[in-house]
Each structure stands twice: as C-alpha cells, then as structure tokens.
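# Breakdown of the fold
Residue strings, one per chain:
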Amino acid sequence: MKRTDLISARALVHSLLGICCLAPMTGAAVDVSEIELRRLFDPTETELAAESSGRIYIYEGLRDIDVRRAMDEEFDRVESMMFIRTRKTEDTGALVKDPETGVFETEDDGC
C-alpha cells in the first residue's frame, strides 16, 4: 500500500470514528442490552452450540434483576456467562443513581 493510501485510510477511519462517537449513547446502549437480553433468555441454536464448545459471553451493563432472573431461569448455562458492570435497581426496577453525581450505580465484585 502506498503511503498516500495509508494516510487517506487513516483519515477515513478517524472520520468514521468521530461520526460514531456523535451518535447518542443511550440509543446504542439500549440496542446492545436488547441483544444481550435476547441472547441470555432466547439464545439461537448457533449461540447454544458455541456455549457448548466453550464460548463464554460477557454481559455488560444489565440490570441486577435481569442477572437474578438468568440465575433462576438459565442456571444450566451459567458456566457460559460472565456479568460485568451490572446496574443496581430499586425494588421497583428503576435504576439506582448516585445522588451526588447522577451516575447509575453498578455492582462492585471487588476485582
């Protein structure tokens, strides 16, 4: 690849990354969580086969009530699951926010 092609490619990548960063994060986060919830509670045959062969799916930012539900309903698949940055909820299911910062609180597993 010529140097000018490489520079042009880098400029394109940086531009695309910039555009992606301008997208509203809440919409993107919702889409990811919907995919994760679907995979968690309604996995495809392909996903189940991947789990059977040792794949571990990392579920990030799910609500603690969803994680508890998974432990109850999908316990036979728990060896293929890892949960990180699990968001705390109230008894009502509403997400818990830090009163000082307004940031959603997450479980701390001590790692």
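So, on to helix 4 (residues 64-73). Within the span of helix 4, buried status applies to Asp64, Asp66, Val67 and Ala70. Along the axis of helix 4, the buried positions cluster into a sector of 160 degrees, meaning they face one direction only.

Turning to its location among the elements, Asp108 is positioned in the segment after strand 2 (81-84). Judged by its relative accessible area of 67%, Asp108 falls in the exposed class. For the pair Asp108 and Arg87, spaced 21 residues apart in the sequence, the C-alpha separation amounts to 9.7 Å.

Core analysis: the biggest nonpolar cluster contains 10 residues, these being Leu40, Phe41, Ala50, Tyr57, Tyr59, Leu62, Val67, Ala70, Met81 and Phe83. Breaking this core down by element, the ones donating at least two residues are helix 2 (25-41), strand 1 (57-60), helix 4 and strand 2. Sequence-distant contacts of Phe41, defined by excluding residues within four places in its chain, comprise Asp66, Arg69, Ala70, Glu73 and Glu74.

Attention now goes to the side chain of Glu36. Along the chain, Glu36 turns up in helix 2. For the buried Glu36, no salt bridge is present, and the opposite-charge side chain at shortest range is Arg39, 5.4 Å distant. Reaching out from Glu36, the side chain makes a polar contact with the backbone nitrogen of Glu60 at a distance of 3.3 Å. If near-sequence neighbours (up to four positions away) are discounted, Glu36 is found in contact with Ile58, Tyr59, Glu60 and Leu62.

The rules behind the values
- Residues numbered from 1 in each chain as written.
- Predicted model: local features only at pLDDT ≥ 70, side-chain atom pairs only at ≥ 80, totals over all residues.
- Heavy atoms only, no water.
- Buried < 20%, exposed > 50% of the residue type's maximum accessible area, 1.4 Å probe, protein only.
- Helix = DSSP H or I, 4+ residues; strand = E, 2+ residues; numbered from the N terminus.
- Arc of directions from axis to C-beta.
- Core = buried A, V, L, I, M, F, W, Y, C linked by side-chain atoms within 4.5 Å.
- Contact = heavy atoms within 4.5 Å.
- Lys, Arg positive; Asp, Glu negative; His and termini not counted.
- Salt bridge = Lys/Arg side-chain N within 4 Å of Asp/Glu carboxyl O.
- Polar contact = N/O pair within 3.5 Å; in protein donor to acceptor, adjacent residues only side chain to side chain.

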